[in-house]
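# Examining the three-dimensional arrangement
Residue strings, one per chain:
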Amino acid sequence: MYEHPYYQYTRFEQEELARRAELHRFIAEHSDQIVARPEGPIGRMLRRIGAAFGRRSGRAAQRQTPCEPAVAR
């Protein structure tokens, strides 16, 4: 029997959503097994460019201590 293409599209979307939900559930249950990958060449290049323009990397920004307020109340 003839099926309207829109019906096939929505069925595909529902299957894709189910796959993504299962993946998110699996990741949430096994989050202790996630290992960060080493920084690649593009990440190193962007970090160096940011350093050349005076921007702090994420690690350096986290190490800063907050400053005291200029006027004490």
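Residues numbered from 1 in each chain as written. Predicted model: local features only at pLDDT ≥ 70, side-chain atom pairs only at ≥ 80, totals over all residues. Heavy atoms only, no water.

### Let's talk about the overall build of the protein
For the protein, the helix and strand inventory stands at three helices and zero strands. Sequence-ordered secondary structure for the protein, helices as α and strands as β, is α-α-α. Here the protein, with 73 residues, has 3% of them falling under the buried criterion. Of the accessible surface of the protein, which amounts to about 7,700 Å², a share of 58% is contributed by carbon and sulfur atoms. (Helix = DSSP H or I, 4+ residues; strand = E, 2+ residues; numbered from the N terminus. Buried < 20%, exposed > 50% of the residue type's maximum accessible area, 1.4 Å probe, protein only. Areas by Shrake-Rupley, 256 points an atom, 1.4 Å probe, with all protein chains shown as cover.)

### Some details on helix H2 (residues 41–52)
Along an α-helix, residues three or four positions apart point the same way, because every turn accommodates 3.6 residues. The terminal C-alpha atoms of H2 lie 16 Å apart, and with twelve residues this matches the ideal 16 Å at 1.5 Å per residue to within 8%. For H2, the tally of buried residues reaches only one of twelve residues, placing the bulk of the element at the surface. Gly54 lies just past H2 and shows a positive phi near 85°. (Expected span 1.5 Å × (residues − 1).)

### Examining the confidence of the model for the protein
Residues at a pLDDT of 70 or more form 66% of the protein, whose mean pLDDT is 80. For the protein, helix H3 (residues 58–63) is the element with the lowest average pLDDT, namely 56, and H2 is the one with the highest, namely 92. (pLDDT = per-residue confidence, 0-100.)

### Quick notes on the pattern of salt bridges
Counted by the stated rule, this structure contains six salt bridges. Its salt-bridge partner being Arg20, residue Glu16 comes within 3.5 Å of it at the nearest N-O pair. Taken as a pair, Glu16 and Arg20 lie in helix H1 (residues 5–29) at a separation of four residues, close to a single helical turn. Here Arg20 falls in the partly exposed class, since its relative accessible area comes to 48%. Taking the shortest distance from any N to any O, the salt bridge between Glu39 and Arg47 comes out at 3.0 Å. For Glu39, a relative accessible area of 39% gives the class partly exposed. Overlapping salt bridges bring together Glu15, Glu16, Arg19 and Arg20 as one network. (Salt bridge = Lys/Arg side-chain N within 4 Å of Asp/Glu carboxyl O.)

### As for a nonpolar patch on the surface
A surface patch of nonpolar side chains, about 550 Å² in accessible area, is lined by Ile42, Met45, Leu46, Ile49 and Phe53. Along the chain, Met45 turns up in helix H2. Classification of Met45 by relative accessible area gives partly exposed; the value is 44%. (Patch = residues over 30% accessible without salt bridge, like charges linked within 9 Å, V, L, I, M, F, W, Y side chains within 5 Å.)

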